[in-house]
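For reference, the chains in residue letters:
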Amino acid sequence: MIFGATGDLAKRKLFPSLYNLFKKEQLGRFAVIGVARRTLTNEEFQNNVKQSVNPDGAENSEIDEFASRFYYHSHDVTDSNSYAALNRLATEMDSHYGLKGNRIFYLAMAPEFFGTIAEHLKLDGLTETQGFKRLVIEKPFGHDLDSAKVLNNQIRTAFSEDEIYRIDHYLGKEMVQNIEVIRFANAIFEPLWNNRFISNIQVTSSEVLGVEERGRYYEKSGALRDMVQNHMLQMVALLAMEPPIRLTTDEVRSEKVRVFRALRPIKDSDVNQYFVRGQYGKGKIQDLEVPAYNQEEMVSPESNTETFVAGRLMIDNFRWAGVPFYIRTGKRMAAKSTKIVVQFKDIPMDLYNKQEGSVNPNLLVIHIQPEEGITLYFNAKRSGQSLNSTPVKLSYANKGIDGLNTPEAYEKLLYDCLRGDATNFTHWDEVALSWSFVDNISAVWENEKESFPNYESGTMGPKAADELLEKDGFFWWPVTDLDVETC
Ligand SMILES: NC(=O)C1=CN([C@@H]2O[C@H](COP(=O)(O)OP(=O)(O)OC[C@H]3O[C@@H](n4cnc5c(N)ncnc54)[C@H](OP(=O)(O)O)[C@@H]3O)[C@@H](O)[C@H]2O)C=CC1
Ligand SMILES: O=C1O[C@H](COP(=O)(O)O)[C@@H](O)[C@H](O)[C@H]1O
């Protein structure tokens, strides 16, 4: 059951991912009930689904069969009256398709509706089913720690923690899932993965896209709640966690929670020393003029909402004490790129290059998207007579090796949820701890008007983001092409 079935997420991510699972025969027996306010017939809804999975509209019997399993129920989730009809439709689907009462409720809607829907699902009997029941909810889970607690208590009236799947689609990305395999399946990395050998770690998730038509949501969230509280902190947790004692949901989650508990809280007085915010101005993207954020639809011309965040995180435990984790994310930046750069400490002295500062540190780069893979930058002998070193690199391109398009993140997570595997979903403890970290920052920023915009569209963000590293003696490794020779 998809609540918000006429929305952007359903159209762009959920229907195509379900179709891919259907093609791989990983869906088994299924039916989908789409729920939203606008009135649609089943046929109109099925046509929307076909359009989403097959934009060119070519005749395709497999897609017809897939779409025939989709049914629509027009319903305002705040209206108590119509859940009973929804329950009757669900029961009808159970018997028609032999679903044994197994139900997944996917809330592809704004967070303010999550509590209402969960309470009605219970009150109106939709959770009274002989099969499994699972609730999938999108980020951001709440607006801050207090609202997240209220939301969690509402949801817990209808679902137990192990029935709640808080989706963070970055955890479904192939190369994000690869972080722990790279770390824990190789003897060469784990001994070096600590403050004795690593100088700093940089996590970038930059986007070329602007806020698009999501201004109403984004004005309230900003980059801090939209990306940092979830995706960015989740990647930091995977990079910093201790090896789990076994690869079970509980063990992996408990190690991630330990990272969040070791995150050094940012004192109010330190927020602007360690965190930088930006808002994109007008500029050029692929030679096209684009407007400033505060000229976008549903955005206030006086908006104080950040579309960019850079920050320095410290993790106070024996493994990471003293190692800065730099994160940056933003909209309308120079490239769409999510990359992790692990910069190792310099060698104690450089035997091969006499000029000062010529040392090229070893880097391990994990390319999350759009290219997927790993690059190890190290130094080798420069060819010819000289006995100088030169930077070289070893690369592994994920797509090149498997020859397959790695499954879309949502496809993997939907399949995990169908199988009851919650490993790559966020647990309440992670959500609570990441909100408490982020709330300190938003509390300061919301009370200080920033002079926005402060970076041009098509750049890598405000200058202050570079100064954040410069004051520690570092710089952002360029995400476009990490060629150490040009740095
Ligand atoms: N879009 C994206 O790329 C991503 C979105 N998300 C999250 O997913 C969620 C949905 O996002 P998105 O699809 O972009 O949002 P949209 O605004 O595009 O869609 C919202 C959906 O909710 C329905 N809806 C709104 N109010 C009600 C109501 N009272 N009763 C019933 N249905 C209602 C709308 O249909 P109607 O108006 O017909 O009722 C529509 O189907 C958000 O929480 C967002 O943060 C997370 C990651 C990425
Ligand atoms: O959760 C979100 O993520 C997208 C970026 O996802 P990606 O898979 O394309 O990196 C972001 O655009 C959106 O604002 C945010 O809500």
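Residues numbered from 1 in each chain as written. Chains lettered and ligands numbered in written order. Predicted model: local features only at pLDDT ≥ 70, side-chain atom pairs only at ≥ 80, totals over all residues. Heavy atoms only, no water.

Draft legend 1. Molecular detail of the site of ligand 2. Near ligand 2 you find Lys139, His169, Tyr170, Lys173, Glu207, Arg214, Asp226, Met227, His231, Lys331, Lys336 and Gln369, and these make up its full shell. Side-chain polar atom of histidine 169 to an oxygen atom of ligand 2: 2.8 Å apart, as the coordinates give it. Side-chain polar atom of aspartate 226 to an oxygen atom of ligand 2: 2.6 Å apart, as the coordinates give it. Considering ligand 2 on its own, with 400 Å² of exposed area, one finds that the protein chains cover 84% of that surface. Broken down by element, the residue count for the shell around ligand 2 peaks at three residues, all from helix H8 (residues 215–240). Tallied by class, the residues present in the shell around ligand 2 amount to two nonpolar, three polar and seven charged. (Near = heavy atom within 4 Å. Polar contact = N/O pair within 3.5 Å; in protein donor to acceptor, adjacent residues only side chain to side chain. Areas by Shrake-Rupley, 256 points an atom, 1.4 Å probe, with all protein chains shown as cover. Helix = DSSP H or I, 4+ residues; strand = E, 2+ residues; numbered from the N terminus. Nonpolar A, V, L, I, M, F, W, Y, C, P; charged D, E, K, R; others polar.)

Draft legend 2. Quick peek at the site of ligand 1. Near ligand 1 you find 24 residues, and of these Thr6, Asp8, Arg12, Arg37 and Arg38 are the closest. A distance of 2.6 Å is found between an oxygen atom of ligand 1 and a side-chain nitrogen or oxygen belonging to arginine 37. Protein contact buries 83% of the 880 Å² of open area that ligand 1 shows by itself. Looking at the shell around ligand 1 element by element, the count peaks at three residues for helix H1 (residues 8–23). The residue makeup of the shell around ligand 1, split by class, is 12 nonpolar, four polar and eight charged.

Draft legend 3. Representation of helix H4 (residues 83–97) within the structure. With 15 residues, H4 extends 21 Å between its outermost C-alpha atoms, agreeing within 8% with the 21 Å of an ideal straight helix rising 1.5 Å per residue. As for H4, its buried residues are in contact with strand E1 (2–3), strand E2 (32–36), strand E3 (70–74), strand E4 (103–107) and helix H5 (114–123). Count one or two residues on from H4 and you reach glycine 98, which has phi positive near 60°. (Expected span 1.5 Å × (residues − 1). Contact = heavy atoms within 4.5 Å.)

Draft legend 4. Structural view of the sheet that holds strand E9 (residues 280–285). Pairing is mixed across the open sheet formed by three strands, whose spatial order is E10-E9-E17. Only two strands of the sheet have a single neighbouring strand rather than two, namely strand E10 (288–290) and strand E17 (455–457). When strand polarity is set aside, the average angle formed by the axes of neighbouring strands in this sheet is 25°. (Pairing = 2+ DSSP bridges. Axes fitted to C-alpha atoms, helices over the stretch in contact; angles between N-to-C directions.)

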